[in-house]
Amino acid sequence: MSTRLAKHIEALLVQHTCVVVPEIGGFVLEAMPARLDQVAHLAYPPRAELRFNEALRHHDGLLEGRYASIYGISMRRARIMLEEDARSLRSELVRKREYHLPSLGVLSLSEEGCLSFVPDSAASLCPASYGLMPIPMPEIAQAMGERRLAAPSRAGDYLQIRLPKRALGWAASAAAILLAFAPWGELTESREIFTASFVPSELSVRQVWGDDALQPVIDRESEQVVEDTSAWIEAEAGRYYVIIASEHSEELALAHYERAINQGLSHLKILRGSKMHRVSAGDFTSNTEAYTYLKQISHLHPEAWVYTLRR
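Along each chain, residue indices are assigned from 1 in the same order as the chain's sequence is written. Predicted model: local features are reported for residues with pLDDT of at least 70 only, side-chain atom pairs are reported and counted for 80 or more only, and whole-chain, interface and lining totals are derived from all residues. Based on all heavy atoms of the structure, the side-chain values leave hydrogens and waters out of the count.

A. Broad picture of the overall build of the protein chain. Scanning the protein chain for helices and strands turns up nine helices and 14 strands. Here, two residues are considered to be in contact whenever any of their heavy atoms come within 4.5 Å of each other. Contacts spanning at least 24 positions in sequence make up 61% of the contacts within the protein chain whose residues lie at least 6 apart. For every accessible area listed, the method is Shrake-Rupley and the probe measures 1.4 Å; residues are considered covered only by the protein chains on display. Just so you have it, the protein chain exposes about 21,400 Å², and 56% of that area is on carbon and sulfur atoms. By definition, any uninterrupted DSSP run of H or I lasting at least four residues is a helix, any uninterrupted run of E lasting at least two residues is a strand, and each is numbered from the N terminus.

Here's what the structure looks like:
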C-alpha cells in the first residue's frame, strides 16, 4: 500500500518540514526564498524543495497519528498499518530497485543497499507559493530615473527667486543700520587678542590626554579584506557531495560555511552554481561513503542530503 503511504506523507508535508517513514528514511522540505532572474527579468515566488535523508529512521509519531485520525483506529493499530506499508515499500524497492511515490518522487535502491531520492519536478509543497506564478519584471531605463532627479530650469544655471520691491528696500535699510552701528574698533582689538594661538607640545598633550593621544590613527576603512576563494569549487560529475545548506546568495552560503567551520567540520567546500550555491561537508567517490559520512554528522545537520552531478 505504498500509494496510501505517499498520500499521507504529502498531506503531512503541507504542515511539517520533516516526515519520517520508520526503517526507510525522512522526507525533508528545504525552504527556498523568492528570487529574481536578472537575465530573463522574472521574479519567482518562494518554494520548497523535497529532500530525502536515509539517516532519519526514528518514529516521530506523525504518520501514526494521521493513520489513527483518518481511519479511526488506535495508535497501536495505526503503527501496525504503517509498518505494513513500509514493509511493502521495501519489498518493491528490493524487487524493482526503484519505486515512484505519487506526487513526491522516485526512491531508488543501489547495489550497495543505499537509498537515493529524485523529487518530482511538478511537486508543489509550499503553501506560501500556492497558485503563484513567475512575474515579469521589465527593465527600467536608468536614464529615466536620472531625468526625474534633475529639476527643470528655464534660466539655465541660475536660480530665479521672485521678491516684492518693498521687501528689497527693507533689506537694504536693515543692512545699512547694521553697518552703521557695528563695533569696528572692538572688532579690531578682538582680532589682535585671538591672533595668538596655543600649539600644544608633545609634553602638554601627554599631560592632558595621556599616551594614547600620541598613538598614530589607523584607518580601518582603508584595510582590504581578502576573500577566501579556496572554499569555492565546481561540482564534478561522478562524485557524491554531502550537502548541509543551499542558498541563492553567495553571502548566505558563506555564512553557512563559516558556521559549519565553528562546528568542527574540516572538509567543507561551497559548490558554485549559476542559480544555487550548495555548502558541502564532504565529497566522496562512492554513494556508500557519502551516506556513511552523512550518518556521522546527522546530529549536527539532520537536514543534510547527498548530491551528485550526473554525467
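B. Structural context of the sheet that holds strand β13 (residues 277-284). Strand pairing is defined by DSSP finding a minimum of two bridges between the two strands. The five strands are arranged β10-β12-β13-β11-β14 in an open sheet whose pairing can be described as mixed. Bordering the open sheet on either side are β10 (232-233) and β14 (305-308), each of which pairs with just one other strand. In this structure, strand β12 (residues 269-271) lies alongside β13, joined through three bridges in antiparallel fashion. When the bridges of β13 are listed, Lys269 appears paired with Ser280.

C. Examining the sheet that holds strand β3 (residues 35-37) more closely. Spatially, β3-β4-β9 is the arrangement adopted by the three strands of the open sheet, whose pairing is antiparallel. Edge positions in the sheet fall to β3 and β9 (135-136), since each has one partner strand and no second. In this sheet, β9 lies alongside strand β4 (residues 42-44) in antiparallel orientation, the contact comprising two bridges. Considered in β9, the bridge of Ala43 is made with Ile135.

D. Structural context of the packing of helix α2 (residues 62-71) against helix α3 (residues 75-96). Here an angle of 0 to 180 degrees is reported between the N-to-C directions of two axes, which are lines fitted to C-alpha atoms, with helices fitted over the stretch in contact. Relative orientation of the contacting elements α2 and α3 amounts to 110°, with a least axis distance of 8 Å. By the criterion of interaxial angle, the relationship of α2 to α3 is roughly perpendicular. In this structure, α2 crosses over α3, and the sense of that crossing is right-handed. Every residue of α3 that contacts α2 at Leu63, Glu64, Gly65, Tyr67, Ala68 and Tyr71 is listed here: Met75, Ala78, Arg79, Met81, Leu82 and Asp85. Classification convention: Asp, Glu, Lys, Arg as charged; Ala, Val, Leu, Ile, Met, Phe, Trp, Tyr, Cys, Pro as nonpolar; all other residues, Gly among them, as polar. Counted by class, the contact of α2 with α3 contains eight nonpolar, one polar and three charged residues. Relative orientations are named as follows: roughly parallel for angles under 35 degrees, roughly antiparallel for angles over 145 degrees, roughly perpendicular for angles from 65 to 115 degrees, and oblique for any other angle. In a left-handed crossing the near helix is turned counterclockwise from the far helix by less than a right angle, and in a right-handed crossing that turn is clockwise.

E. Representation of the pattern of salt bridges. Criterion for a salt bridge: a side-chain nitrogen of Lys or Arg within 4 Å of a carboxyl oxygen of Asp or Glu. Tallying each qualifying case throughout the model produces eight salt bridges. Here Arg95 and Glu92 are joined by a salt bridge, their closest N and O atoms 2.8 Å apart. You can see Arg95 and its partner Glu92 sitting in helix α3, three residues apart, about one turn around the helix. Only protein chains enter the calculation, and the probe is 1.4 Å; a residue is then buried if its accessible area is under 20% of its type maximum, exposed if over 50%, and partly exposed in between. Exposure remark for Glu92: the relative accessible area of 18% places this residue in the buried category. The closest approach of N and O atoms between Arg272 and Glu250, which form a salt bridge, is 3.2 Å. Taken together, the residues Arg272 in the loop between β12 and β13 and Glu250 in helix α8 (residues 250-262) connect sequence positions 22 residues apart. Take Arg272: its relative accessible area is 34%, and that puts it in the partly exposed class. The exposure class of Glu250 is partly exposed, given its relative accessible area of 32%. Residues joined in a network through salt bridges with shared partners are Glu30, Glu49 and Arg51.

F. Quick peek at the confidence of the model for the protein chain. Confidence of the predictor in every single residue is expressed as pLDDT, which spans 0 to 100. Counting all residues, the mean pLDDT for the protein chain is 77, and 71% of those residues have values of 70 or more. Counted against residues more than four places away or in other chains, residues 187-198, with its pLDDT under 50, gives one contact. Residue range residues 217-226 is modelled with pLDDT below 50. Its contacts to residues more than four positions away, or to other chains, number one contact.

G. Quick peek at the nonpolar core. As used in this record, nonpolar core signifies buried Ala, Val, Leu, Ile, Met, Phe, Trp, Tyr and Cys residues forming a set joined through side-chain atoms within 4.5 Å. Ranked by size, the top nonpolar core spans 29 residues in total, and within it Ile9, Phe27 and Leu107 carry the most contacts. Here the element with the most residues in this core is α3; it accounts for six residues. Residues contacting Ile9, with those up to four places away along its chain left out, are Val19, Val21, Phe27, Leu63 and Leu104. With 22 residues, the next largest nonpolar core counts Ile244, Ala260, Ala290 and Ala304 among its residues.

H. Just the side chain of Glu64, in detail. Within the secondary structure layout, Glu64 lies in helix α2. Relative accessible area serves as the criterion here: at 2%, Glu64 is assigned to the buried category. The residues touching Glu64, leaving out its near neighbours within four places in the chain, are Pro22, His59, Met75, Ala78, Arg79 and Leu82.

I. Spatial organisation of α2. Where α2 is concerned, the buried positions are Leu63, Glu64, Tyr67 and Ala68. Projected down its long axis, α2 shows its buried positions confined to an angular sector of 135°, all on one face. Positioned one or two residues after α2, Gly72 has a phi angle of 65°, which is positive. Think of the arc as the fan of directions from the helix axis to the C-beta atoms.

J. Molecular detail of a nonpolar patch on the surface. The patch calculation keeps residues exceeding 30% relative accessible area without a salt bridge and links them within 9 Å when they carry like charges or within 5 Å when they are nonpolar (Val, Leu, Ile, Met, Phe, Trp, Tyr). A cluster of nonpolar residues, Leu36, Ile135 and Met137, forms a patch on the protein surface that exposes about 290 Å² of accessible area. Tracing the chain through its elements places Ile135 in strand β9.

K. Inspection of the layout of surface pockets at higher detail. Its volume calculated, the second largest pocket comes out at about 240 Å³. Together, 16 residues line the second largest pocket, and Ile244, Ala245, Ser246, His256 and Glu303 are the ones closest to its centre. Sorting the residues of the lining of the second largest pocket by element identifies β2 (25-32), β11 (240-247) and α8 as the ones contributing at least two each. Points on a 1 Å grid over protein atoms alone make up a cavity when a 1.4 Å probe fits among them but cannot get out, and a pocket when they form an open set with protein on both sides within 12 Å along at least five of seven lines; lining residues each have an atom within 4 Å of a point. Grid points are joined across faces, edges and corners, and a volume is the space filled by probe spheres set on the points.

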